[in-house]
There are 2 protein chains.
Amino acid sequence: MTPPPSRSPRVSSHAVAAALDALRPQFGDRLTENPTIRTQHANTLSRVPSEPPDAVIFPLTTDEVAAIVRTCAAHSVPMIPFGTGTSFEGHVNAPRGGLSIDTLRMKRIVAVNADDLDCVVEAGVTRMELNDHVRQQGLFFPIDPGADASLGGMAATRASGTNAVRYGTMRDNVLALTVVLPNGEIVRTAGRARKSSAGYDLTRLLIGAEGTLGILTEVTLRLHGLPEQISAGHCPFPDIRAACDTVIRTIQCGVSIARIELLDEVQIKACNAYSRLDLPETPTLFVEFHGGPAAVAEQVERFGDIAREFSSGAFVWADRPEDRTRLWTARHNSYWAACGLRPGAKGIPTDVCVPISQLADCIGETKVDIVATGLVAPIIGHVGDGNFHVLPLVDDSDKAELERAFGFVDRMVARAIAMEGTCTGEHGIGQSNRKYMALEFGDAGLALMRTIKRAIDPLNVMNPGKILFD
Amino acid sequence: MTPPPSRSPRVSSHAVAAALDALRPQFGDRLTENPTIRTQHANTLSRVPSEPPDAVIFPLTTDEVAAIVRTCAAHSVPMIPFGTGTSFEGHVNAPRGGLSIDTLRMKRIVAVNADDLDCVVEAGVTRMELNDHVRQQGLFFPIDPGADASLGGMAATRASGTNAVRYGTMRDNVLALTVVLPNGEIVRTAGRARKSSAGYDLTRLLIGAEGTLGILTEVTLRLHGLPEQISAGHCPFPDIRAACDTVIRTIQCGVSIARIELLDEVQIKACNAYSRLDLPETPTLFVEFHGGPAAVAEQVERFGDIAREFSSGAFVWADRPEDRTRLWTARHNSYWAACGLRPGAKGIPTDVCVPISQLADCIGETKVDIVATGLVAPIIGHVGDGNFHVLPLVDDSDKAELERAFGFVDRMVARAIAMEGTCTGEHGIGQSNRKYMALEFGDAGLALMRTIKRAIDPLNVMNPGKILFD
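All chains use their own residue numbering, which begins from 1 and follows the written sequence. The lettering of chains begins at A and the numbering of ligands begins at 1, in the order of writing. A pLDDT threshold of at least 70 governs which residues receive local features in this predicted model, and a stricter bar of 80 or more applies before side-chain atom pairs are shown or counted, although totals over entire chains, interfaces and linings include all residues.

## Let's talk about the overall build of chain A
And then number 1: Starting at the N terminus, helices and strands are each numbered in turn, a helix being any DSSP run of H or I of at least four residues and a strand any DSSP run of E of at least two. The number of helices and strands found in chain A is 16 helices and 19 strands.
And then number 2: For this measure, only C-alpha atoms enter the radius of gyration; the expected value for a globule follows 2.2 Å times N^0.38, where N is the number of residues. Against the globule reference of 23 Å for 470 residues, chain A gives a C-alpha radius of gyration of 22 Å, in line with a compact fold.
And then number 3: Dimensions of chain A, computed from C-alpha atoms along their principal axes, come out at roughly 65 × 60 × 40 Å.
And then number 4: Burial statistics for chain A: of 470 residues in total, 60% are counted as buried.
And then number 5: Considering only contacts in chain A between residues 6 or more positions apart, those separated by 24 or more positions represent 73%. Any residue with 12 or fewer other C-beta atoms within 10 Å of its own C-beta is exposed, any with 20 or more is buried, and the rest are partly exposed; the C-beta atoms used are placed from the backbone. C-beta atoms are placed from the backbone for every residue, and two residues are taken to be in contact when these atoms lie within 7 Å.

Structure below.
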C-alpha cells in the first residue's frame, strides 16, 4: 500500500503569476498571496502534511467562480475548492500549488421552499447557518458531521454523521447542484423534483467527487420537519460485543432510531475528562429517537427491550433539552476530548464502515490490534451504519511509532474491505486514503474512475492529486 | 423539440455475422436469429416503433456477458441489454441493429444477508421472484414499478413506483452493482457497507444509465423488514386540487405514508370497469401506512384529520389483506384499465414529476389542456413524490390526432420543467424522451453527459441511441 510517487510537477510560478495578473483587476483584494492566509488554506486539522496554495481567492457568485475557472484553465493552474477546511484527509491541500477558491463569501440562502421541504443555498453556507435560518419555519437540515462545515464541502465529500441512520447522507439529501466544470461551463444538475429518471445522475457523480470534477457553487437540499418529539439517552455495556449486538438487533428489528452512537471505554474516559461528565467508563451507546409521541414511545420501548438483554446498567434518559445538548455536545467534542488523552500527540483520523453483521468482529479484532500495536486509540462510531472511527494518538516525532500506527491503520482498512466494507464511510479519500482505492475497487474500478476524471478534467486542474494519484 | 436525425448508421451485416460466428461455438442455441424472438426483444409495450435486434443471446454468468461484450466491441456491434422488456420508452430497441443481451437466464439469488438487510441477485431476477424468496425470512424488497420487472432493468432505468414516497427509488435501494464495461472489464462498484465516501459514486452513475455505460449483471439491494402493521384505504375528493392539497399537507406535516396514489375521475371509471370496482367516479386517493401498531394508528389519525378537511366522502379502509390486494391490483392494472377506455387505441405513456407545491397547478393546467386538445387521457400519480402519469389514448392511424397528442405531451413536459420538475420521474429517457433532455439540462449539462458517454463507451456500442441522440 505504498503510494506511487506523484507524476505531476508543481505548476510553474510563471503560469500562476499570469493567472493572478488576469484575475486581479476583477477581484482586487479578494485575491491574496498573504502567507498566513495561504497556510490557513492548507490541511490544518489532521497530521496530513500541509501543502499551501500559491494564492487564495474569494468569489461572490457562480459567475465569478466560472471566470476564475476559465482563467486558471487557460494557464493550467490547479484550483482547490475550499469550504471551512474541516476535512481530515488533505482535501484542501495544494500538492501542485495553484489557487484555493474559498466559498467563504458565498453565503446567500437563495430560497427556502417550505412547502416542498427543500432549499437552495450557496456553497459557503454552513449547516448551522442554514439551521438557524429555517428553524423558525419548523424545519431543519439533519446531516451533522460534527464540524460546522460548509454545505458545499459536505456535498463534495459526501458527508454524513450522527443521524445518517435515519436521515441518510449528503447523497440522499442533495436534490441538485450548481457546478462550474473545468471548462468553465455552468451546469445545474437537476430540478427540484423528488425523483427523476432523466439521464446520468450528475448530482450523485459530483457528490463525493471532492471537487475533482468541478466546483460546487450552489446546493439544493432536502429539509425535514423538526421532530415533534425527541427522546435521547445513554446506556452502558459490559463490552463492545454486547453494545454491537444491541445495535445489530435494533437495526434488524426495524426500530426507527435517529442516532445510535458507540463510544468505547477509552473514549468515554476522554469525554468524562473533557466535557466534565461522570459516565461509567465502559462501552456506551448514545441514542436518540425522533417522531410523533406514540411512535417515539413505541420505538423507545422496543429499543429498551433489546438493550436490557445486553446492557450492564440502566438506561439514562436525557429528556430535557439542556441534558440532550450536553450529551450531544460531548459527543461532538469527542475528537478534541480524545486528543486530550495524550497531550502533544496528534490523532490519525480513520473511518472504516462495514456491513452491520460484521461490526462486532471488525471492532473486536481492531481492539485486539490496538493493544498488540501498543497504541492509545479511542473508538467512536456511527454504529447504526456500521461506521466507526479509531483515533490513534501518535507522537509525530517518533518515526517508529508513526510507522507502527500506519501499519495498524492499513490492517484495519484491509480488514474492513475484506468484510465487504469501505476505507471511508464519511471522511472521503482526499490524499491519505488514495492508497486504499485499488484494494477497494480493483484495477478496473479505479481505471473507470480515472477515465471519468480525464474526460471531464483533461488538464487535471481540478483539485489534482485527490481521490486518484496523479 | 424535433429530434435531430440519427447520425450513426446501422451496423453492417458483415460485422454482425462475424461477431455471431465468434460467439456461436460458446453459446450454441443460446444465441438465436429467430425472427419471432428478435421481434419480442424490441419495444412492444408502448407506441414507440419497434426496432428489433439482429440476434438475441442468453448468457448465464457475468463472465459470459464479458465474453459477449469483448466480441461485440471487437466488431463494433451494438449491444442492447434486455430484462423483461417492460419499459415504455424504447429502451430495448436496436436502432442500429446489433445483439440483444437477455438476462432471462441470470436468475441466481446469490446471497441473502438477513442480518444486514441486503441481498445480491443476478440481473435477471424479477422483483416478485426476489420477494417470494425472502418473504419467509420476514423481509421484502419494496420498489414496485407495477410490472414484474427484472432487478437489473429496474436499476438500469432508476425505477420506482407506488411506495417510493416511503422507501425511495432504485437510487436509494441499490448498494452495489456488478457491471461489464464496454471494454469487457468487470467492475464491482461498491461493497455492502450502508454508506461510503470512497471516490466517484459509480453505483449511482450506472443506476439510470439505461445500459449505455455498461451491462449490469449483479445487483446488491437493500431489503426491509415486512411491516408489522399495514393499513390501507381510499378516499374520494370533489376535485383534483382538493386531492392534491391533501397530499401536499400530508407530506408537509411529515406524516409517514408508504403509498399515496391519485387516480382522477377518468381513471377511476376505467378501473371500475376493468377491475369490477364500484368507486365513486371522482378524483380518489389510495393510501397505505406501514409500521408498528402505535405509529400506524398515529399516522392514520393524522392523515384522516387532513383528508376530512378536503374530501367529498368517507375514507374507506381496506384492512383485510384480500381487500388490500384488490385495491392495489386495481391500481397496478390501471394501465390496462385505461387502455380499455378506448378499445383499439394506443396509450402514450408520460411521466412528469414536479416539486409537490406545484402539483395541483401542474395537474390542473394539464387537465385543461387535455380538454382543449380533445383527448381521452386518464391521470394517475405517485403524488407523494409529485410524479404523475397522463395516458393519452390515440388512434395510431390518425396522423392529425397523433400530432395533437404529441403536442400536448410536449407542452406538459415543458410545463413540468418550467416548474423545476423533470420530464421523467421513473420511466427513463430511452428513445422517446431524448428530445426533452436539452430543455431539462441545458446544453452544458447535456454536453457533460455526452463527455461521460464518449469516455466510457468510445465505440458507442452500449445501447446506442438511448438517453442521448447518437
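## Notes on the nonpolar core
Nonpolar side chains in soluble globular proteins tend to be buried together.
And then number 1: Note on terminology: a nonpolar core is any set of buried Ala, Val, Leu, Ile, Met, Phe, Trp, Tyr and Cys residues joined through C-beta atoms within 7 Å. Ranked by size, the top nonpolar core spans 291 residues in total, and within it Ala-155 and Leu-359 of chain A together with Ala-155 of chain B carry the most contacts.
And then number 2: Ignoring anything within four residues of it in the chain, the contact list for Leu-359 of chain A reads Cys-244, Val-247, Ile-248, Val-354, Val-383 and Gly-386 of chain A.

## A closer look at the packing of helix α9 (residues 240-252) of chain A against helix α11 (residues 293-310) of chain A
Two quantities define a packed helix pair, namely the angle between the axes and the distance from one axis to the other.
Residues and elements named next belong to chain A.
And then number 1: Here the axes come from fitting lines to C-alpha atoms, over the contacting stretch only for helices, and the angles between their N-to-C directions go from 0 to 180 degrees. Here α9 crosses α11 at 155 degrees, and the two axes come no closer than 9 Å. Overall, the two elements α9 and α11 adopt an arrangement that is roughly antiparallel. Considering the relative orientation of α9 and α11, their crossing is right-handed. In contact with Ala-242, Asp-245, Thr-246, Arg-249 and Thr-250 of α9, α11 contributes Phe-303, Ile-306, Ala-307 and Phe-310. Angles are sorted into four bins: roughly parallel if under 35 degrees, roughly antiparallel if over 145, roughly perpendicular if 65 to 115, and oblique for all others. For any helix crossing, the convention is left-handed if the near helix is rotated counterclockwise from the far helix by under a right angle, and right-handed if that rotation is clockwise.

## Some points on the sheet that holds strand β2 (residues 55-57) of chain A
In any sheet, the strands associate via hydrogen bonds between backbone groups, in a parallel or an antiparallel arrangement.
Residues and elements named next belong to chain A.
And then number 1: The 4 strands lie next to each other as β1-β2-β4-β3, forming an open sheet whose pairing is mixed. For this open sheet the edge positions go to β1 (31-32) and β3 (79-82), each flanked by a neighbour on one side alone.
And then number 2: On the sheet, helix α3 (residues 62-74) packs against β2, β3 and β4 (99-102) and is oriented at approximately 170 degrees with respect to β4. In this analysis, strands are considered paired if DSSP registers two or more bridges between them.

## Focus on the packing of α11 of chain A against helix α11 (residues 293-310) of chain B
And then number 1: It is at 8 Å that the axes of α11 of chain A and α11 of chain B come closest, and there the two elements cross at 175 degrees. By the angle class used here, α11 of chain A and α11 of chain B are roughly antiparallel. Residue-level inspection shows Ala-294, Ala-295, Ala-297 and Glu-298 of chain A of α11 of chain A in contact with α11 of chain B, the latter providing Ala-294, Ala-295, Ala-297 and Glu-298 of chain B.
And then number 2: Classes in brief: Ala, Val, Leu, Ile, Met, Phe, Trp, Tyr, Cys and Pro nonpolar; Asp, Glu, Lys and Arg charged; the others, Gly included, polar. Here the residues of the contact of α11 of chain A with α11 of chain B sort into 6 nonpolar, no polar and 2 charged.

## Brief notes about the domain arrangement of chain A
All names here are of chain A.
And then number 1: The start and end points of each domain follow an automatic or database-based domain assignment. For chain A, the assigned domains are domain 1 (109-225) and domain 2 (227-432).
And then number 2: The interface is formed by 15 residues belonging to domain 1 together with 16 residues belonging to domain 2.
And then number 3: Considered class by class, the residues forming the side of domain 1 that touches domain 2 number 4 nonpolar, 8 polar and 3 charged.

## Focus: the sheet that holds strand β10 (residues 215-222) of chain B
Residues and elements named next belong to chain B.
And then number 1: One open sheet accounts for 5 strands, arranged β5-β6-β10-β8-β9; its pairing is antiparallel. In the strand order of this sheet, the two ends are held by β5 (109-113) and β9 (186-188), each with one partner. If you compare each strand with its neighbour and ignore which way they point, the axes differ by 10 degrees on average.
And then number 2: Relative to strand β6 (residues 118-122), β5 runs antiparallel, the two sharing 4 bridges. Within β6, the position partnered with Asn-113 by the bridge is Asp-118.

## A short note on the interface of chain B and chain A
And then number 1: Taken together, the contacts link 75 residues of chain B with 75 residues of chain A.
And then number 2: The greatest single-element share of the side of chain B that touches chain A, amounting to 12 residues, is contributed by helix α16 (residues 437-456) of chain B.
And then number 3: Considering only residue class, the side of chain B that touches chain A consists of 32 nonpolar, 26 polar and 17 charged.

## Section: helix α14 (residues 359-373) of chain B
Residues and elements named next belong to chain B.
And then number 1: The length a helix should cover is 1.5 Å for every residue beyond the first. If you check α14, its first and last C-alpha atoms are 21 Å apart, about what 15 residues at 1.5 Å a residue would give, namely 21 Å.
And then number 2: All buried positions along α14 are accounted for by Leu-359, Cys-362, Ile-363, Thr-366 and Ile-370. End-on, the buried residues of α14 take up no more than an arc of 90 degrees, which puts them together on one face. Projecting away from the buried face of α14 at angles above 90 degrees are the exposed residues Val-368, Val-371 and Ala-372.
And then number 3: As for α14, its buried residues are in contact with α9 (240-252), β17 (379-382), β18 (387-390) and α15 (399-418).
And then number 4: Looking one or two residues past α14, Gly-374 carries a phi angle of roughly 70 degrees, positive in sign. Directions pointing from the helix axis toward each C-beta atom define the arc.

## Thoughts on the environment of Val-174 of chain B
Residue and element names in this part refer to chain B.
And then number 1: Relative to the helices and strands, Val-174 is located in strand β8 (residues 174-180).
And then number 2: With 18 residues separating them along the chain, Val-174 and Arg-192 place their C-alpha atoms 9.7 Å apart.
And then number 3: For Val-174, the contacting residues outside a window of four places in its chain are Ala-155, Thr-203, Ile-207, Val-219, Thr-220 and Leu-221.

## Examining α15 of chain B
Residues and elements named next belong to chain B.
And then number 1: Over its 20 residues, α15 runs 28 Å from end to end, which matches the ideal 28 Å to within 8%, given 1.5 Å per residue.
And then number 2: Those residues of α15 that fall on the buried side of the exposure criterion are Ala-405, Phe-408, Val-409, Met-412, Val-413, Ala-416 and Ile-417. The arc that holds every buried residue of α15, seen down its axis, measures 165 degrees, which confines them to one face. Exposed side of α15, more than 90 degrees from the buried face: Lys-399, Ala-400 and Glu-403 are the residues found there.
And then number 3: Elements that come into contact with the buried residues of α15 comprise α14, β18, β19 (393-394) and α16.
And then number 4: With its phi angle positive at about 65 degrees, Glu-420 sits one or two positions after the end of α15.

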